[in-house]
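Report on the structure
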Amino acid sequence: MKKKKNKFKHTAYLLVALGMLIYALPSISFTGGFSWVSLFGAVWAGFALLVIGSHLYYLIGVDDAKQKALDEIRKEKMHQWELKWPEEQKSQEAN
């Protein structure tokens, strides 16, 4: 249930960011050459694209796949460490 609510939240934020970007892009003018206003508009649009990208990254589920892979690696390392543990205890007892 929490995952579904989280996805709804990210979808809503994604739509808000897209709406803001679509609303703002026509008013950003680059025809007059370099100015502080056009630089601000470009930086603002870049940040909006970063926000949109981060929400898409979450919604597509790249984190889930990456987390599963990391969990498998962690589990395998733990298994190797458990196999190594009795050998280390024997070497410490011998000393």
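What you see is a predicted model; the values in this text were computed from it and never measured.

Evaluation of the coordinates by the stated rule reveals 2 salt bridges. Here Arg-74 ties to Asp-71 by a salt bridge, and the two come within 3.0 Å at their closest N and O atoms. In this pair, Arg-74 and Asp-71 are both assigned in helix H3 (residues 62–94), 3 residues apart and thus about one turn of the helix distant. Look at Asp-71 and you get partly exposed, because its relative accessible area is 36%. Linking Lys-75 and Glu-72 is a salt bridge whose minimum nitrogen-to-oxygen distance equals 3.9 Å. Of this pair, Lys-75 and Glu-72 are both found in helix H3, 3 residues apart, which corresponds to roughly one turn of the helix. The exposure class of Lys-75 is exposed, given its relative accessible area of 56%.

A separate point is the environment of Ser-27. Tracing the backbone shows Ser-27 in the loop between helix H1 (2–24) and helix H2 (36–60). Residues Ser-27 and Gly-41 lie 14 residues apart in sequence; the distance between their C-alpha atoms is 8.8 Å. There is a polar contact of 2.8 Å between the side chain of Ser-27 and the backbone oxygen of Ala-24.

Criteria and cut-off values
- Residues numbered from 1 in each chain as written.
- Predicted model: local features only at pLDDT ≥ 70, side-chain atom pairs only at ≥ 80, totals over all residues.
- Heavy atoms only, no water.
- Salt bridge = Lys/Arg side-chain N within 4 Å of Asp/Glu carboxyl O.
- Helix = DSSP H or I, 4+ residues; strand = E, 2+ residues; numbered from the N terminus.
- Buried < 20%, exposed > 50% of the residue type's maximum accessible area, 1.4 Å probe, protein only.
- Polar contact = N/O pair within 3.5 Å; in protein donor to acceptor, adjacent residues only side chain to side chain.

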